[in-house]
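# Breakdown of the fold
The lines below spell out each chain.
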Number of protein chains: 4
Amino acid sequence: MPTEVRSLNEECGIFGVWGHSEASHVTYFGLHNLQHRGQEGAGIVSNEEGYLRGYRGLGLLSEVFADEKKINKLKGNAAIGHVRYATSGNGHVDNIQPFLFRFFDGQVGLAHNGNLTNAKTLRRELEENGAIFHSNSDTEILMHLIRKNQAPTFLESLKASLKQVHGGFAYILMTEDALYGALDPNGFRPLSIGLMKNGAYVIASETCALEAIGAAFVRDVQPGEVVMINDEGLKVDTFTTETQHAICSMEYIYFARPDSNIAGVNVHTARKNMGRRLAKEAAIEADMVIGVPNSSLSAASGYAEYSGIPYELGLVKNQYVARTFIQPTQELREQGVRMKLSAVRGVVEGKKVILVDDSIVRGTTSKRIVQLLKEAGAKEVHLRIASPPLKYPCFYGIDIQTRKELIAADLSIEEMRERIGADSLAFLSEEGLIDAIGLKFDAPYTGLCMAYFNGDFPTPLYDYEANYQASLLDKKSRF
Amino acid sequence: MPTEVRSLNEECGIFGVWGHSEASHVTYFGLHNLQHRGQEGAGIVSNEEGYLRGYRGLGLLSEVFADEKKINKLKGNAAIGHVRYATSGNGHVDNIQPFLFRFFDGQVGLAHNGNLTNAKTLRRELEENGAIFHSNSDTEILMHLIRKNQAPTFLESLKASLKQVHGGFAYILMTEDALYGALDPNGFRPLSIGLMKNGAYVIASETCALEAIGAAFVRDVQPGEVVMINDEGLKVDTFTTETQHAICSMEYIYFARPDSNIAGVNVHTARKNMGRRLAKEAAIEADMVIGVPNSSLSAASGYAEYSGIPYELGLVKNQYVARTFIQPTQELREQGVRMKLSAVRGVVEGKKVILVDDSIVRGTTSKRIVQLLKEAGAKEVHLRIASPPLKYPCFYGIDIQTRKELIAADLSIEEMRERIGADSLAFLSEEGLIDAIGLKFDAPYTGLCMAYFNGDFPTPLYDYEANYQASLLDKKSRF
Amino acid sequence: MPTEVRSLNEECGIFGVWGHSEASHVTYFGLHNLQHRGQEGAGIVSNEEGYLRGYRGLGLLSEVFADEKKINKLKGNAAIGHVRYATSGNGHVDNIQPFLFRFFDGQVGLAHNGNLTNAKTLRRELEENGAIFHSNSDTEILMHLIRKNQAPTFLESLKASLKQVHGGFAYILMTEDALYGALDPNGFRPLSIGLMKNGAYVIASETCALEAIGAAFVRDVQPGEVVMINDEGLKVDTFTTETQHAICSMEYIYFARPDSNIAGVNVHTARKNMGRRLAKEAAIEADMVIGVPNSSLSAASGYAEYSGIPYELGLVKNQYVARTFIQPTQELREQGVRMKLSAVRGVVEGKKVILVDDSIVRGTTSKRIVQLLKEAGAKEVHLRIASPPLKYPCFYGIDIQTRKELIAADLSIEEMRERIGADSLAFLSEEGLIDAIGLKFDAPYTGLCMAYFNGDFPTPLYDYEANYQASLLDKKSRF
Amino acid sequence: MPTEVRSLNEECGIFGVWGHSEASHVTYFGLHNLQHRGQEGAGIVSNEEGYLRGYRGLGLLSEVFADEKKINKLKGNAAIGHVRYATSGNGHVDNIQPFLFRFFDGQVGLAHNGNLTNAKTLRRELEENGAIFHSNSDTEILMHLIRKNQAPTFLESLKASLKQVHGGFAYILMTEDALYGALDPNGFRPLSIGLMKNGAYVIASETCALEAIGAAFVRDVQPGEVVMINDEGLKVDTFTTETQHAICSMEYIYFARPDSNIAGVNVHTARKNMGRRLAKEAAIEADMVIGVPNSSLSAASGYAEYSGIPYELGLVKNQYVARTFIQPTQELREQGVRMKLSAVRGVVEGKKVILVDDSIVRGTTSKRIVQLLKEAGAKEVHLRIASPPLKYPCFYGIDIQTRKELIAADLSIEEMRERIGADSLAFLSEEGLIDAIGLKFDAPYTGLCMAYFNGDFPTPLYDYEANYQASLLDKKSRF
């Protein structure tokens with residue numbers, strides 16, 4: 001689960017339910033378990049006998065709906081919801097989803113997780129034909145396409161439109177009479193269907209949201225599929241058959257909650273396996289293994305278990321958030337003031353420590369943690385990363401679109417080690433990662449997207465191609 | 001560290017610094033690492049060349065000082081601060097500390113952690129002599145006593161007053177020209193002194209607050225001591241020599257942060273040792289050991305290590321707080337909606353699980369967690385508690401003053417197991433606890449207060465004696 | 001100026017400035033003097049060297065921009081602003097203006113005062129061609145038309161679009177390089193141009209906003225005109241020559257601030273003349289004349305002056321707003337609790353009073369005020385209304401679109417008097433009103449819209465025609 | 001009624017009710033009509049069958065009780081309330097009243113309007129005897145005295161204590177079983193008793209608060225009186241017979257609401273008489289009379305009526321408050337931006353204007369208004385002040401304790417005229433003021449305190465004597 005010291009961010013979490021008398025509360029509980037996928041904004045649109053109504057705001061779910069009246073007004077038997085991550089520049093409520101559109105002939109609620117690679121081209125074409133956009137988000141594009149692709153049924157219009165958008169996307173839509181879920185042809189993002197005890201169907205970004213509401217897992221939405229849920233039940237359709245699994249490997253490594261299953265693989269178990277494999281690939285003698293809380297604890301325990309070296313609590317994370325505006329001054333920083341993570345002197349003092357982290361983005365956090373441990377008296381700190389070096393950007397829904405921010409983009413492992421100040425540094429191999437997750441799809445890398453590590457993008461990059469080629473020439477920035 | 005599902009609450013955390021140009025910010029960072037000791041209110045009083053100024057409010061530290069201007073106004077080279085826990089009935093800003101008193105001949109800031117056993121008697125005597133109290137808190141009493149005990153120096157007045165109050169107390173006071181810390185004759189609550197790199201002295205409830213600001217540990221304040229810090233440095237004095245260590249064992253078990261040291265013993269290490277000893281005392285075969293996040297992870301890893309049974313992440317805690325007002329309705333509850341903890345189906349399904357928790361108060365949380373695990377498919381759940389059964393109230397600063405709330409007060413272990421629904425249940429022995437912590441004081445229980453477990457209170461109970469005797473007749477409430 | 005007890009509401013106030021280094025602050029001050037035209041929401045869009053940026057929110061201007069940072073971010077040399085009134089059902093921030101549109105080839109800010117009579121038809125036509133609307137407001141329509149009416153210049157597109165919308169409208173628009181103002185062919189709403197001392201041009205709904213910023217009055221925007229202001233100065237153009245003045249008479253009677261001039265006529269002077277004429281048309285002997293604060297004080301002083309009867313302060317308005325949720329209970333109401341207006345017993349007791357009000361909508365306020373005066377001991381209360389009876393709805397920007405709410409719609413003057421409980425009741429004649437205002441346009445009613453009083457609408461009603469015909473059959477509701 | 005541009009401030013308004021099932025709501029409505037006496041803070045203490053409960057906060061009454069739950073919790077059949085003005089330095093919630101004291105043997109609520117002249121001495125004496133104060137306010141002193149003056153009944157303790165405090169004071173107190181009101185021996189501040197229709201007694205600072213709740217006026221509290229109201233009714237007692245009326249003349253001139261009666265004299269009528277007398281004393285030919293809104297409208301209409309010169313609306317006050325932090329920059333100020341008052345160009349242009357104001361404190365406001373009128377084209381502005389020059393400070397409850405702020409303290413009328421920029425300037429004479437108010441008490445100045453104008457303080461100044469003597473040597477500050 002993301003910590004705030006990280007510079008890697010998921011785009012969103014989405015949720016929908018059809019057939020529950022407290023649909024907006026069910027959606028709240030579902031979104032609550034997806035909050036790790038986005039903390040910048042949240043919203044819910046409900047459907048009360050064909051009338052759609054929404055509320056959305058900036059901040060955490062609990063802040064947006066702090067006034068209970070907000071959610072109580074969202075009456076109805078169906079609802080969809082969204083939690084959003086976004087870079088600060090876009091921090092405007094106009095971009096918070098779900099979007100709610102009202103037409104003279106119908107209403108549509110729309111929530112999106114992912115990133116379109118041909119958004120800029122589509123938007124320009126639409127604007128040239130008179131379309132007006134109200135947000136910076138790619139998400140409106142699908143709605144414009146649906147209105148242009150007039151067809152006898154909403155489902156037909158939707159399928160025609162899904163063929164026009166490219167990249168990574170998981171959509172949930174709601175009309176007056178049905179709920180829809182759709183996944184891109186590579187299935188970059190997870191999307192699962194569940195069934196509540198009262199017969200209501202739900203769709204959610206991760207299975208942990210199904211657990212939150214006591215729903216049984218039914219099936220994953222498959223690449224290229226569009227599912228329709230209405231009072232008659234669940235119907236599965238496809239908008240394209242040209243599909244190939246390329247599940248984002250970072251979901252397993254870092255984004256998803258450890259209690260979720262993706263494509264049938266439990267995330268905690270995958271992480272523990274990464275740790276075990278890492279212990280095999282990059283063994284070293286030490287007094288203890290410690291993990292960076294909270295995202296690396298599974299991998300660290302796997303490393304400890306395989307190596308037989310004791311697992312210790314050498315780092316404590318403050319569970320309370322300090323407002324970021326209260327930054328230590330330079331003077332305080334030099335005196336070692338810190339707020340988020342603390343090293344446990346009583347545990348690490350005088351010890352040789354193996355520090356397990358899930359990944360390295362810029363390297364600044366790793367450097368700080370190594371320093372913390374050394375200041376607390378650790379004799380040696382051996383950094384072990386439970387994934388391969390991140391060298392390439394992502395255009396399918398992860399918020400790093402340039403190589404500049406990636407320390408591994410143009411430094412050798414020894415250069416990185418030196419910058420970070422660790423006594424040794426090792427990464428999990430690509431094969432190790434693939435084996436640890438253990439997917440079995442008949443696809444490259446057994447169904448994983450490994451582009452972050454090797455630049456092998458499973459689709460054309462369209463509007464991003466030029467940017468990407470330029471970024472290959474970037475020099476790594478200093479830190 | 002306390003989780004919200006727990007019904008056991010610490011009273012407070014206190015902090016003070018003398019000799020730093022950003023004293024109120026240093027105090028903020030120190031308090032931030034003490035936030036686990038109290039979340040209901042927070043405040044800071046600063047000292048700008050002899051003029052004291054304060055701000056306090058309800059809520060978390062980050063909420064009270066959400067507006068940065070609040071803290072920027074608290075200028076000066078010295079400051080004291082407080083984080084408070086309190087029962088809802090007292091949730092009024094008048095009770096939030098530090099208190100700031102202005103007299104024609106001086107100013108005093110005052111912060112308190114603990115509970116006085118003769119407060120009611122003292123307050124009545126003072127009121128009968130014309131005193132006016134403005135809060136419900138015991139804390140004002142010391143100020144009234146100091147003003148009554150006129151002596152040539154503030155230190156003399158303070159020492160005379162400290163002799164009149166009984167029970168558990170750690171005080172930090174600040175006048176125009178000095179900072180004071182004082183600890184009751186039993187040392188129920190921890191209180192430590194640190195030294196910053198620039199030469200500023202700090203006093204704090206726990207050593208983790210020293211780490212937060214890069215201060216080196218100097219020494220613990222000892223029972224019966226009063227320390228004075230001013231521009232000339234640190235001076236240690238005593239107000240009584242009739243002392244005997246009785247450190248609250250719940251600090252080690254549950255309250256303190258794992259990265260703190262109390263009386264030289266690291267809390268995480270003590271907990272891990274409790275887990276190891278528990279594994280020895282109450283062994284059982286199983287597929288995995290899991291701990292209740294976050295407070296029981298140390299004990300659980302100790303259990304796993306000693307027993308050789310793999311430690312797994314079988315429970316996930318949602319790091320985001322859901323507003324409590326959004327309670328699942330009865331219907332949703334029956335459908336299994338839950339918000340705080342989730343069981344990891346992919347890990348526990350079909351498995352025999354050892355569940356380690358640090359303590360049991362009412363038993364309702366334990367029951368809920370066992371149920372979660374079973375619903376997620378666990379075949380058996382064996383509950384192991386890393387402390388002895390809680391049978392008696394506390395009058396020294398912990399918020400349980402009646403036996404009614406304690407499930408162990410009048411149920412046998414088998415009765416408890418049945419209520420909780422576990423397949424087996426075992427507690428750590430008193431001897432096991434004492435050994436695991438490993439204090440070496442020449443005092444009963446090697447310096448621990450074990451009253452919670454055996455009713456052996458180290459002091460007379462004064463105003464509480466009658467209540468306590470009545471509580472011994474209480475019948476355990478149902479849950 | 002509107003009081004809260006009134007049920008008659010203006011739609012909006014608009015403002016724009018081009019060429020001032022603190023354009024958003026100038027707009028704030030201008031809007032502040034237009035706040036009486038709308039209290040539900042406010043917003044400002046600024047232009048910093050071609051980049052448009054906006055902020056808007058629900059509530060009074062001072063609430064929306066309570067955080068000074070909000071306005072400080074709106075940098076640039078040009079800005080437009082809006083204050084909005086709206087019925088509660090539409091109280092959503094999506095409807096607050098100015099709207100800000102970003103296209104691949106440009107940006108547009110848009111603010112609107114008025115009501116379109118063919119909005120529904122236009123919106124449906126646009127949606128059938130794929131347009132997506134994001135608000136309930138009519139205002140977006142103009143933007144869609146501009147995008148459809150592609151022409152070599154923005155001004156040409158705008159003029160073509162202005163020909164397609166019907167009803168009452170005053171628009172202010174801003175692009176990267178110019179500010180535009182436009183007025184409907186009848187000039188229902190006021191719109192004036194001013195010049196600041198530094199050479200910056202401003203456009204505002206009322207001249208009192210020019211006074212607020214020290215701008216000299218230049219000219220009114222005329223019916224059918226569109227003005228363009230850019231770095232080269234002011235340029236006046238017309239989109240239609242089929243124009244005829246029909247200035248809303250309610251602007252003079254009630255809406256506008258007394259210090260504004262509309263079409264060269266000072267509003268206070270017009271109101272005083274209405275009072276003088278009313279004194280002539282409906283004389284009666286009495287001890288004093290009192291006006292309903294604050295909107296009727298001008299008319300009341302005119303009545304007093306003409307009649308020679310002393311003008312007294314018989315009613316006091318509480319300048320502080322009591323939250324409306326704290327409603328007196330039935331018991332308190334019966335005991336006479338009141339919060340907004342107080343009768344001055346020391347002035348009116350035992351006296352024969354002439355009460356002057358500007359208009360009567362539902363009659364409930366009049367009834368309450370007459371009762372207040374009688375309870376305070378007034379011997380007789382003679383109600384004099386400084387305008388003719390309101391009998392017809394308005395479709396050009398005033399928020400009464402049905403006759404149901406109008407007491408005069410189907411009651412005789414004697415029936416109204418009886419309901420209100422006054423000792424006598426008289427209204428100003430239509431001729432009296434026209435003479436008192438004293439416009440000189442070569443148009444029916446010398447350039448005034450008198451439809452409220454006589455149903456003589458100066459334009460076709462388009463989408464409202466059916467509603468209006470139905471409303472003629474309405475029976476007056478009881479109160 | 002005070003406007004914000006004024007530098008003269010009343011200290012407080014107080015209210016109490018006994019015997020009404022919605023006592024706290026009645027108090028809210030009463031305080032609402034006293035809001036002009038203090039805008040910095042507000043509070044209510046209620047009495048539910050002997051249990052006192054309070055809530056108070058910073059800001060307007062409607063802000064403090066914006067959350068309706070706050071007032072709904074204040075249950076009971078009796079309540080007291082307070083609205084407070086205070087200088088910014090004291091703007092802390094600890095100083096907001098009513099104060100609520102809880103003792104082992106009783107509870108007391110206390111609200112105060114006025115200023116004690118021996119507060120400093122009393123406070124020091126009390127502190128030397130161990131008393132602890134929690135606010136900066138003088139108000140706590142009475143409570144300490146009551147606790148020291150132990151007597152068989154609360155009434156006896158209260159009377160003994162009232163003899164020890166000197167200066168100007170109106171107190172309302174509430175114990176478990178009675179409501180008390182008390183007034184200083186000179187009756188500087190107004191305090192009146194009313195009777196509600198249901199038999200409940202109320203006490204209030206001004207009679208306009210009685211009108212607000214439909215209470216009939218019973219009698220004024222007289223100097224030296226203490227009244228007790230309990231379930232048996234109203235009982236009048238005296239704590240001293242050494243009394244002499246010296247009602248604050250500024251209450252009539254400026255502070256009180258025009259609809260209040262003080263000592264049987266209606267405030268509006270008194271002001272109108274001041275205007276009439278001023279017209280007689282300082283006649284001049286002109287085109288119109290205008291008053292400074294809102295406080296001078298009564299005096300201006302009196303001037304107009306006596307002189308026969310038309311009364312016009314030449315100044316308009318913006319009824320909406322602009323946040324003061326949004327100050328025009330220097331550049332904007334020079335361009336004439338203004339926010340609070342506007343001159344009506346259409347009325348004053350080219351005219352000779354008589355401007356009536358109630359008083360002059362610093363003169364800065366007068367200067368600004370004269371300038372506004374001239375910029376709007378007024379040919380001449382003749383300033384007429386409906387009270388004598390303010391030359392001396394006040395120690396009985398008005399917030400000017402130094403002569404430095406008073407323009408009239410050491411400037412001649414001609415010097416003032418020149419600074420202000422008026423074409424002529426005249427003040428009402430002291431005799432004129434006394435006659436216009438028309439009290440009939442057998443006391444100096446017929447019962448008025450005229451110290452502001454002539455330095456004739458009706459009591460010794462005690463702790464203020466030295467300050468006052470020093471202030472006589474002050475030179476007038478520049479503006």
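This one's a predicted model, so the numbers in the text were calculated from it and none came from an experiment.

So, how was this worked out
- Residues numbered from 1 in each chain as written.
- Chains lettered and ligands numbered in written order.
- Predicted model: local features only at pLDDT ≥ 70, side-chain atom pairs only at ≥ 80, totals over all residues.
- Heavy atoms only, no water.
- Contact = heavy atoms within 4.5 Å.
- Salt bridge = Lys/Arg side-chain N within 4 Å of Asp/Glu carboxyl O.
- Polar contact = N/O pair within 3.5 Å; in protein donor to acceptor, adjacent residues only side chain to side chain.
- Nonpolar A, V, L, I, M, F, W, Y, C, P; charged D, E, K, R; others polar.
- Least-squares fit on C-alpha atoms with pLDDT ≥ 70 in both.
- Buried < 20%, exposed > 50% of the residue type's maximum accessible area, 1.4 Å probe, protein only.
- Helix = DSSP H or I, 4+ residues; strand = E, 2+ residues; numbered from the N terminus.
- Pairing = 2+ DSSP bridges.
- Core = buried A, V, L, I, M, F, W, Y, C linked by side-chain atoms within 4.5 Å.
- Domains from an automatic or database assignment.
- Buried area = accessible area lost by both parts, 1.4 Å probe.
- Phe/Tyr/Trp six-rings, centres within 6.5 Å; stacked < 30°, edge-to-face > 60°.
- Lys NZ or Arg CZ within 6 Å of the ring centre and 35° of its normal.

In this section: the interface of chain A and chain B. Taken together, the contact between chain A and chain B spans 70 residues of the former and 70 residues of the latter. Applying the counting criterion to the chain A and chain B interface returns 4 salt bridges. Joining chain A to chain B, the criterion identifies 22 residue pairs in polar contact (both at pLDDT 80 or more). For the side of chain A that touches chain B, the class distribution of residues is 29 nonpolar, 25 polar and 16 charged.

To continue, consider the relation of the copies chain A and chain B. Aligned on chain B, chain A shows an RMSD of 0.1 Å; the corresponding rotation is 180 degrees and the shift along the axis is 0.0 Å. This pairing of chains is accounted for by a two-fold axis. When C-alpha distances to the rotation axis are compared across chain A, the minimum falls at A:Gln319, with a value of 3.9 Å. When you check the interface residues of chain A against chain B, 100% turn up at the interface there too, and the contact is symmetric in its surfaces.

Let us now look at the pairing of strand β8 (residues 179–183) of chain D. In summary, the side chains of a regular strand alternate between the two faces of the sheet. Residue and element names in this part refer to chain D. With 5 of its 5 residues buried, β8 lies for the most part within the structure. Residues Leu-179, Gly-181 and Leu-183 of β8 are buried on one face, and the alternating residues Tyr-180 and Ala-182, pointing to the opposite face, are buried as well. Where strand β7 (residues 167–175) lies against β8, 5 bridges are found, and the strand directions are antiparallel. Bridging across to β8, Ala-170 finds its partner in Leu-183. Linking β7 back to β8 in an antiparallel pair, the connection comprises 3 residues. Relative to strand β12 (residues 225–230), β8 runs antiparallel, the two sharing 4 bridges.

Attention now goes to helix α1 (residues 23–32) of chain B. For α1(B), a buried count of 10 out of 10 residues is recorded, marking the element as mostly surrounded by other parts of the structure. For α1(B), every residue scored as buried is listed here: B:Ala23, B:Ser24, B:His25, B:Val26, B:Thr27, B:Tyr28, B:Phe29, B:Gly30, B:Leu31 and B:His32.

Attention now moves to the nonpolar core. Among the nonpolar cores identified, the biggest contains 112 residues, and A:Met250, A:Tyr252, A:Met274, B:Met250, B:Tyr252 and B:Met274 are the most heavily contacted of them. Once residues within four sequence positions are removed from consideration, B:Tyr252 is found in contact with B:Ile247, B:Ile262, B:Ala263, B:Val265, B:Val267, B:Ala270, B:Arg271, B:Met274, B:Ile437, B:Leu439 and B:Leu448.

All right, on to the domain arrangement of chain A then. Residues and elements named next belong to chain A. Taken domain by domain, chain A consists of domain 1 (12–243) and domain 2 (266–473). The straight-line distance from the C-alpha centre of domain 1 to that of domain 2 is 32 Å. The interface of domain 1 with domain 2 comprises 16 residues on the first partner and 15 residues on the second. Three residues stand out in domain 1 for area buried against domain 2, namely Asn-115, Thr-117 and Phe-188, and they jointly supply 47% of the buried area on that side.

Right, let's get into unusual backbone geometry. The omega torsion across B:Gln97 and B:Pro98 is 0 degrees, close enough to zero to call that bond cis. As for its position among the elements, B:Pro98 is in the loop between β4 (78–84) and β5 (99–103). Despite not being glycine, B:Ala263 has its phi angle at roughly 50 degrees, a positive value. Examined against the element boundaries, B:Ala263 turns out to sit in the loop between β15 (261–262) and β16 (265–266). Under the relative-accessibility criterion, B:Ala263 is labelled partly exposed at 27%. One non-glycine residue, D:Tyr462, lies in positive phi territory at about 45 degrees.

All names here are of chain B. Scanning the entire structure with this criterion turns up 66 aromatic pairs over all chains. For the pair Phe-154 and Tyr-180, a centre-to-centre distance of 5.2 Å together with 45 degrees between the ring planes defines the contact as tilted. With Phe-154 in helix α6 (residues 154–162) and Tyr-180 in strand β8 (residues 179–183), the pair connects residues that are 26 residues apart, well separated along the chain. Judged by its relative accessible area of 21%, Phe-154 is partly exposed. With centroids separated by 6.0 Å and ring planes inclined at 80 degrees, the aromatic side chains of Phe-395 and Tyr-468 adopt a geometry described as edge-to-face. Here Phe-395, found in the loop between β21 (380–385) and α14 (413–420), pairs with Tyr-468, found in helix α17 (residues 465–471); they are 73 residues apart in sequence, far enough to count as distant. In this arrangement the basic side chain of Arg-403 is found over the ring face of Tyr-392, its NZ or CZ atom lying 5.4 Å from the centre.

On to the interface of chain D and chain B, then. In this assembly, 20 residues from chain D lie in contact with 20 residues from chain B. Between chain D and chain B the total buried area reaches about 1900 Å² when both faces are included, carbon and sulfur atoms providing 55% of it. Ranking the residues of chain D by area buried against chain B places D:Phe104, D:Ile132 and D:His134 at the top, with a combined share of 32%. Where chain D touches chain B, the interface holds 0 salt bridges. Mapped onto the side of chain D that touches chain B, the elements with two or more residues apiece are β5 (99–103), α4 (119–128) and α5 (139–148) of chain D. If you tally residues by element for the side of chain D that touches chain B, the top one is α5(D), at 5 residues. Looking at side-chain class alone, the side of chain D that touches chain B contains 6 nonpolar, 4 polar and 10 charged residues.

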